[in-house]
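# Summary of the model geometry
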Amino acid sequence: MRYRLNRQIIKLRPEEKTAEGEALIEVLTREEYEQQMTAGHEDRLFLQSINNYQHSKADFLKDSIIGTLVIPDKGDLAHREICFAWHMKKDSLVFVDNTRTVSGIIEEMEQTQTVEKLHLGYFFYEFLEFLIRDETRFLQEYEEGMTKLEEELMQYDGEDISKAILKIRKELLRLHSYYNQMIDMCETMSENYNEMLSRDSCRLFHQFSGRMSRILANAQNLREYSLQIRELYQTQIQMRQNKVMQLLTVVTTIFMPLTLLTGWYGMNFDRMPELHWEFGYAVVIGISVILVIVEIWYFKKKGWFL
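Residues numbered from 1 in each chain as written. Predicted model: local features only at pLDDT ≥ 70, side-chain atom pairs only at ≥ 80, totals over all residues. Heavy atoms only, no water.

Going by an unreviewed UniProt entry, the chain carries the name Magnesium and cobalt transporter CorA and comes from Ruminococcus gauvreauii. You can read under Sequence similarities (unreviewed entry) in the UniProt record for the chain the words "Belongs to the CorA metal ion transporter (MIT) (TC 1.A.35) family." In the Subcellular location (unreviewed entry) part of its UniProt record, the chain is described as follows: "Cell membrane". (UniProt positions renumbered as here; feature names shortened; annotations may be inferred.)

Time to look at helix α8 (residues 280-302). Taking 1.5 Å as the rise per residue, α8 with 23 residues should run 33 Å; its terminal C-alpha atoms sit 33 Å apart, in good agreement. Those residues of α8 not exposed but buried are Gly 280, Ser 288, Glu 295 and Phe 299. Once α8 finishes, Gly 303 follows within two positions and takes phi at roughly 75°, a positive value. (Helix = DSSP H or I, 4+ residues; strand = E, 2+ residues; numbered from the N terminus. Expected span 1.5 Å × (residues − 1). Buried < 20%, exposed > 50% of the residue type's maximum accessible area, 1.4 Å probe, protein only.)

A few words on the pattern of salt bridges. It is possible for side chains of opposite charge to pair when their charged atoms get near one another. Summed over the entire model, instances satisfying the criterion amount to 13 salt bridges. Among the ionic pairs, Asp 134 bridges to Arg 137, the shortest N-O distance being 3.7 Å. Overall, the relative accessible area of 43% leaves Arg 137 in the partly exposed class. Of the charged contacts in the structure, one is a salt bridge between Lys 167 and Glu 171, with a shortest N-O distance of 2.5 Å. Taken as a pair, Lys 167 and Glu 171 lie in helix α6 (residues 159-191) at a separation of 4 residues, close to a single helical turn. By relative accessible area, which is 44% here, Lys 167 ends up partly exposed. A residue is classified by how much of its surface remains accessible, and Glu 171, at 6% relative accessible area, is buried. Overlapping salt bridges bring together Asp 134, Arg 137 and Glu 141 as one network. (Salt bridge = Lys/Arg side-chain N within 4 Å of Asp/Glu carboxyl O.)

For residues besides glycine, phi is generally negative; the peptide bonds are generally trans as well. Even without a glycine there, the phi angle at Asn 192 is positive, about 55°. Along the chain, Asn 192 turns up in the loop between α6 and α7 (199-264). Even without a glycine there, the phi angle at Glu 195 is positive, about 55°. Assignment of secondary structure puts Glu 195 in the loop between α6 and α7.

Here you go:
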């Protein structure tokens, strides 16, 4: 898909070309790009970036900027990513994307927004703004989910809770890394090593970097919140283990006098009158029952029972 940039984003027909002074925006699949690429140094470097998506970045070349965007998928933050590459020249911007993410964003921009300035730097800034337009709301909803998990934790400490906490920590780590990469990329863009971007564009990318820093701070707060939830979970487990140990200790203490009785009368000395006493067995049973009742009453009075 091809678009021309002339205060508005205008979709081009296959046979249509851009006019003089207009910027061209192209969205290609990897296969389409490989078919039309040249053997130039910049194209080879760009193809290497396409073949090796690692993180969001921007690299300045002599007359262009190449970069990649690796965006965690909000539907499955811990495992799925949306990856595409971009190559900006003075009068053109090429996206290589097999996911249709870029086309969807540009179509949205085409319908809802007017690009007030003609240069590609401003368009790319607006494109990045569209990428993160719902980020603050997403983090707020994520925090609400964590709060709900914390409430559930007070009532239940099963394996599902443990897995949920681990999943949250993985997802927040992925988001934290993504936001850091976006900040680094935009700071690199604002430094404008090859002086391809205008001063206005550099200021916009510096502004975007500041906004991403604030979003990163929100994500960092959520990471700290996740640590608090994990600590609360561990405290809950320890409290339950302590209660179990307390119960076992009370039960053991109750039966210690009975163990003493059985040990005492298990010595089998010849001169033990109780062994031949007619009521000896009944008396020992009575003493045992009385001991247990007295101990239970005492433990309840002290509040040692759960």
